[in-house]
Amino acid sequence: MTTTLDSPRRKTSAFLYRKPRLRLGILLSAPMLWLGLAYLGALAALFVTAFWSTDVFTGQVVTKWSLNNFITLFNDAVYRTITLRTVGIAALVTVVTAIIAFPMAFYMAKFASPRARRLLVIAVMTPLWASYLVKAYAWRTMLSGNGVLHWLLNPFGLDTPGYGVLATVITLSYLWLPYMILPIYAGLERLPNSLVDASGDLGARPFRTFRSVVLPVTFPAVVAGSIFTFSLSLGDYIAVKIVGGTSQMLGNVVYDNIGAANNLPFAATVATVPVVIMLAYLAAVRRTGALDNL
């Protein structure tokens, strides 16, 4: 009887063994179904809601299709300013983290001993285990008028930048720095030392070696890190609430319209802006061919 039951199983196993694509499709069917329902379905609902409106008297959502939300979003100078500020902060955070991350990752990949390399990787990842709010409020304390930065800069006649756009950039750069270091470190590990040595033997100066050898090889890794830092900064709304002072980002507008204003359709309309910006950014990056080399 056991042989009779095992026979269909063996036939099925043998059939799946001969069909690797079918086997892969079955394996990925559950996560792809979850992706389609939970992620793409949520995005579809977001875009549909963006064309609805809210009754000003009852506060109820009116499921009548209209472009009024988009007209308000594009015509109001306040929202244009907030959009430009958000994109500018996200771009600046990406540049700052890349400048800081590259030498750190280069040292980890090319100069540190294997033991020190492991310790440095752990040190880079350790802040990710701490609470987002704890780290953000720690920067709020340091940036305050009597904080650590004030104490360090005061002898030189300088002062803390206080709360505002600069404080938001500093805080977000600290928060997302590991997401830039780790991809660059992985990219530099794949860079053969022989290429750097050959460049030096041919008489190239360090900057020429970096520009002609190191940067082209690690550019896809920098792009990978920039996708994380840019997208995370683009959708952030907590850090700017804590250290941004009166500054606002797109995430704050979405949050305020969901909560206090009770205008879910307009919040959905504003939320489409970061999505469109990220799609445009990914399309631009894809045209460079960087994603093909990851």
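On a predicted model such as this, the values are computed, not experimentally measured, just so you know.

K.L.:
Residues and numbers for the environment of T63, please.
P.N.:
Its location among the elements puts T63 in the loop between β2 (61–62) and α3 (68–75). When the C-alpha atoms of T63 and F51 are compared, they prove to be 8.2 Å apart, with twelve residues separating the residues in sequence.

K.L.:
Please provide a residue-by-residue account of the side chain of T168, values included.
P.N.:
Note on placement: T168 falls in helix α8 (residues 165–189). Note on T168: relative accessible area 0%, which makes it buried. Setting aside residues up to four positions removed in sequence, T168 forms contacts with I89, V240, V243, G244 and M249.

K.L.:
Which residues make up the packing of aromatic side chains, and what are the values?
P.N.:
Scanning all chains against the criterion turns up twelve aromatic pairs. Through successive ring pairs, a cluster of aromatic residues spans Y132, W176, Y179 and F228. Between R140 and the ring centre of Y163, over which it is positioned, the NZ or CZ distance is 4.6 Å.

K.L.:
For the confidence of the model for the protein, give the residues involved together with the corresponding values.
P.N.:
Scored by pLDDT, the protein comes out at a mean of 86, with 92% of its residues at no less than 70. For the protein, helix α1 (residues 2–18) is the element with the lowest average pLDDT, namely 60, and helix α4 (residues 77–110) is the one with the highest, namely 95.

K.L.:
Lay out the UniProt feature "domain: ABC transmembrane type-1" (unreviewed entry) in the protein in plain terms, naming residues and giving numbers.
P.N.:
In the numbering used here, UniProt assigns the "domain: ABC transmembrane type-1" (unreviewed entry) feature to residues 83–283. End C-alpha atoms of residues 83–283 are separated by 20 Å, and the span's content is 78% helix alongside 0% strand.

K.L.:
Which residues make up the packing of α8 against helix α10 (residues 206–234), and what are the values?
P.N.:
Put simply, α8 and α10 touch, their axes get as near as 8 Å, and they point 150° apart. Judged on the interaxial angle alone, α10 and α8 are roughly antiparallel. For the element pair α8 and α10, the recorded crossing hand is right-handed. Facing L172, W176, Y179, M180, P183, I184, G187 and L188 of α8, the residues of α10 in contact are V214, T218, A221, V222, A224, G225, S226, F228, T229, L232 and S233. Looking at the contact of α8 with α10, its residues break down into 13 nonpolar, six polar and no charged.

K.L.:
Account for α4, naming residues and giving values.
P.N.:
Between the first and last C-alpha of α4 there are 49 Å, a value that for 34 residues agrees with the 50 Å anticipated at 1.5 Å per step. Its side-chain oxygen placed 3.0 Å from the backbone nitrogen of V78, D76 serves as the N-cap of α4.

Reading the values: the criteria
- Residues numbered from 1 in each chain as written.
- Predicted model: local features only at pLDDT ≥ 70, side-chain atom pairs only at ≥ 80, totals over all residues.
- Heavy atoms only, no water.
- Helix = DSSP H or I, 4+ residues; strand = E, 2+ residues; numbered from the N terminus.
- Buried < 20%, exposed > 50% of the residue type's maximum accessible area, 1.4 Å probe, protein only.
- Contact = heavy atoms within 4.5 Å.
- Phe/Tyr/Trp six-rings, centres within 6.5 Å; stacked < 30°, edge-to-face > 60°.
- Lys NZ or Arg CZ within 6 Å of the ring centre and 35° of its normal.
- pLDDT = per-residue confidence, 0-100.
- UniProt positions renumbered as here; feature names shortened; annotations may be inferred.
- Axes fitted to C-alpha atoms, helices over the stretch in contact; angles between N-to-C directions.
- Parallel < 35°, antiparallel > 145°, perpendicular 65-115°, else oblique.
- Left-handed = near helix turned anticlockwise from the far one by under 90°.
- Nonpolar A, V, L, I, M, F, W, Y, C, P; charged D, E, K, R; others polar.
- Expected span 1.5 Å × (residues − 1).
- Polar contact = N/O pair within 3.5 Å; in protein donor to acceptor, adjacent residues only side chain to side chain.

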